Amino acid sequence: MRPTMLLTIGLALGATVAGTATAADSTLDLAPAADTFVEAGPQATWDHGLADHLTVDHSPADVTYLKFDLSAVAAPVTRATLTLSCTDGSSDGGTVYPVADSRWPEGTHKGGTSNSANGPGLKWADLDTNGDGTLDAADASSFLPDVAQPLAALGSVVAGLPVTVDVTAAFQGGPGLYTLAIASTSANDATYASRESATASQRPRLHLEFGALATTTTTTAPPPTATTTTTTTPPATLPPPSAGRGPFSVRPMVLQAASGPLKGTGENLTCFKKHGPAHPMEVGRIHISMPGEGGHHVILFRPHPGPIQWPPKLCPLTLNWDQWELIAQTQHPETDWKLPPGVAIRVSRRQPLLVQTHYVRGKHPKTPHAMTKTKLYPVDPATVTAHAGALFLNDRSMVVPPHSRLTEVNRCTITGEGGQAREVKLLGITGHYHFRGQGFDAYRVHTDGSLGELLYHYEGFDQPNFQQFSDPPVLHPGEGIEWRCHYQNNTDKTFTYGPDASTQEHCILFGAYYPTATVQEAINCTHDKDSAGHDVSTVAIIPGE
């Protein structure tokens, strides 16, 4: 099986300076100082530095790198365009990204045989430092493309024709080395001529346009006090390419996870190991994309305290909810969750994370696979006054008999009992069930057991909404939530609790709340039946890491 590249990265552009840009120069064309591509799978340790082509692909993943040397360029760059000559076309030629570290070696092999594994050039294995077959924030390499800062999309490319894109934003750090990278989500690879191409006119080219340099002027005042004043206007201070990589950065962390093959019948329930950023992050916004056909859900988890038991990549069973905390999830193609000002989700340094994708296959999908993205947007820690916790209410006792229409009703006092009770403010709620589900409701439950207002309502099965509260409802001490799942079963089968959408059912409330007693707290409530068949609800407050 070919490894899947979770971070879709692109072609790295390296350049060799053909001359020195001075105040008199207005343009300059640069050839790459180095170029190569890396490939996942059997060629993960191969050196492709002297290949006459550059490949961008997703299956197996190919990432192209180009390095440009602007160390002799003194004038500010006002426009930079990259031109590549396509030798093998694709509907997706890739997306260009910057790379902060340009010290990677080009190599001395062409990548044609396994002998290339002995070469000194940049390889896939140098980027995929944790060896999971994917490139993401869990990898420690400084040569990873910054996928949070896409520069340009190459779009559809045609063999025999050049393609030019604007990459000005990548070259605003003054003189120095720069690297660009190109990657694609398409399984149909795109190929470009490299700097080693036998046809000189097809080799990569970076075209630079310049503004005026800062000038030094001398002004002489008239007699009798004839003095000379020299005024120097310094060049504008521009951030280096690696700016923003300290403990606080506005750049999001992107976690990518594949759908698995979408053609055929059955379901893909896949789990991907991830890790938090190099520095603790306060997350104020989470955006999840679930493209393609048959998307059932994407869920981001982190482990509860204690030993971590990672599920297999092909995870056929539901996760152990006593070991994993849900941070965020979506059942929509796009979910953008913005927490209120001052409220954040804390992700610890290098914290283990897990992304689970669930897709239902179709016989004739438009695409053979899809790539999900979960983006975690940081906020300044100085602005955080409260932390958000995860809310997970699960009915494990639910039963849907044959040829029936029924409603499962569950209750949980999530604010706690007695002296441990406290206020809980709801940030968001969504319901979850499989395709026998016809509707989902959630109500406030008062301390005397009576129902309060309707907090959430959804009719239908597909894509239940994530209800975000701009004015969070406050559950007072002793109050709780009642959640109801409405089902219609027209088959001869009985459906009970379980993760398999075709043979089992769910009745789950996902949500978030604040404030928490600890920075990574979660509230889990499980409704089940005891040995005598009586309803039992158990509330567990998990302190977190």
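A few points on the structure. (Residues numbered from 1 in each chain as written. Predicted model: local features only at pLDDT ≥ 70, side-chain atom pairs only at ≥ 80, totals over all residues. Heavy atoms only, no water.)

Scanning the protein from terminus to terminus reveals 1 helix and 36 strands. Counting the 545 residues in the protein, one finds 52% classified as buried. A sequence separation of at least 24 residues applies to 81% of the contacts in the protein between residues at least 6 apart. Surface exposure of the protein reaches about 22900 Å², of which carbon and sulfur atoms provide 54%. (Helix = DSSP H or I, 4+ residues; strand = E, 2+ residues; numbered from the N terminus. Buried < 20%, exposed > 50% of the residue type's maximum accessible area, 1.4 Å probe, protein only. Contact = heavy atoms within 4.5 Å. Areas by Shrake-Rupley, 256 points an atom, 1.4 Å probe, with all protein chains shown as cover.)

Backbone hydrogen bonds hold the strands of a sheet together, and the pairing may be parallel or antiparallel. The strand order β26-β32-β28-β29 describes an open sheet built from 4 strands, whose pairing is antiparallel. Each end of this open sheet is capped by a strand with a single partner; those strands are β26 (404-412) and β29 (451-459). Neighbouring strand axes in the sheet, compared pairwise and without regard to direction, differ in orientation by 15 degrees on average. As paired strands, β26 and strand β32 (residues 480-489) are joined by 9 bridges and run antiparallel to one another. For Leu-406, the partnering residue across the bridge sits in β32 and is Tyr-487. (Pairing = 2+ DSSP bridges. Axes fitted to C-alpha atoms, helices over the stretch in contact; angles between N-to-C directions.)

Taken as a whole and assessed by the stated rule, the structure comprises 3 disulfides. Paired through a disulfide, Cys-271 and Cys-315 show a sulfur-sulfur distance of 2.3 Å. Here Cys-271 and Cys-315 share a disulfide; its torsion about the S-S bond, 95 degrees, makes the bridge right-handed. Of this pair, Cys-271 sits in strand β15 (residues 267-275) while Cys-315 sits in the loop between β17 (295-303) and β18 (324-330), and the two are 44 residues apart along the sequence. Judged by relative accessible area, Cys-271 falls into the buried class, the value being 4%. The disulfide partner of Cys-412 is Cys-525, and the gap between their sulfur atoms is 2.3 Å. The sign of the 120 degrees torsion about the S-S bond sets the Cys-412-Cys-525 disulfide as right-handed. Of the two residues, Cys-412 is situated in strand β26 and Cys-525 in strand β35 (residues 522-529); the sequence distance between them amounts to 113 residues. Given a relative accessible area of 4%, Cys-412 falls into the buried group. Of note for the protein: the bonded cysteines, numbered N- to C-terminal, pair according to 1-2, 3-6, 4-5. (Disulfide = S-S within 2.5 Å.)

In this fold, Pro-477 is placed in the loop between β31 (474-475) and β32. Judged by its relative accessible area of 40%, Pro-477 falls in the partly exposed class. Separated by 57 residues in the primary sequence, Pro-477 and Gln-420 have C-alpha atoms spaced 8.6 Å apart. Not counting the four nearest positions on each side in its chain, Pro-477 is found in contact with Thr-415, Ala-421, Arg-422, Glu-423 and Thr-447.

With the rule as written, the count across this model stands at 7 aromatic pairs. Their ring planes at 65 degrees and their centres at 5.6 Å tell us that Tyr-65 and Trp-104 sit as a pair that is edge-to-face. Taken together, the positions of Tyr-65 in strand β4 (residues 61-69) and Trp-104 in the loop between β6 (95-99) and α1 (124-127) put the pair 39 residues apart, joining distant regions of the chain. For Tyr-65, a relative accessible area of 0% corresponds to the buried category. Taking the centre distance of 6.2 Å and the plane angle of 50 degrees together, the rings of Tyr-433 and Phe-440 count as tilted. Tyr-433 sits in the buried class, given a relative accessible area of 1%. Note on Phe-440: relative accessible area 0%, which makes it buried. (Phe/Tyr/Trp six-rings, centres within 6.5 Å; stacked < 30°, edge-to-face > 60°.)

Here the focus is unusual backbone geometry. Note that the residue after Tyr-514, namely Pro-515, is joined by a cis bond; omega there is -5 degrees. Within the secondary structure, Pro-515 sits in the loop between β34 (508-514) and β35. One non-glycine residue, Arg-350, lies in positive phi territory at about 55 degrees. With respect to the helices and strands, Arg-350 occurs in the loop between β20 (343-347) and β21 (352-360). The backbone of His-403 sits at a positive phi, close to 45 degrees, despite the residue not being glycine. Mapped onto the elements, His-403 comes out in the loop between β25 (399-400) and β26. Taking relative accessible area as the criterion, His-403 reaches 54% and is therefore assigned exposed.

Here the focus is the environment of Gln-356. For Gln-356, the location among the structural elements is in strand β21. The spacing of Gln-356 and Val-298 is 58 residues in sequence and 5.7 Å in space, taken between C-alpha atoms. Of the polar contacts made by the side chain of Gln-356, one reaches the side chain of His-297; its length is 2.9 Å. (Polar contact = N/O pair within 3.5 Å; in protein donor to acceptor, adjacent residues only side chain to side chain.)

As a further point, take the sheet that holds β17. The 4 strands lie next to each other as β15-β21-β17-β18, forming an open sheet whose pairing is antiparallel. Among the strands making up the open sheet, the edge pair consists of β15 and β18. Between one strand axis and the next, the sheet turns by 20 degrees as a mean value, whatever way the strands run.

Before going further, it helps to examine the side chain of His-304. Relative to the helices and strands, His-304 is located in the loop between β17 and β18. Using a relative accessible area of 6% as the deciding quantity, one classes His-304 as buried. Among residues more than four places away in sequence, those in contact with His-304 are Trp-321, Asp-322, Gln-323, Trp-324, Glu-325, Ala-522, Asn-524 and Ile-542.

Attention shifts here to the side chain of Glu-106. Topologically, Glu-106 is positioned in the loop between β6 and α1. Within the structure, Glu-106 has its side chain in polar contact with the backbone nitrogen of Asp-35 (distance 3.0 Å). Within the local environment of Glu-106, its side chain forms a polar contact with the side chain of Arg-195, the two groups lying 2.8 Å apart.

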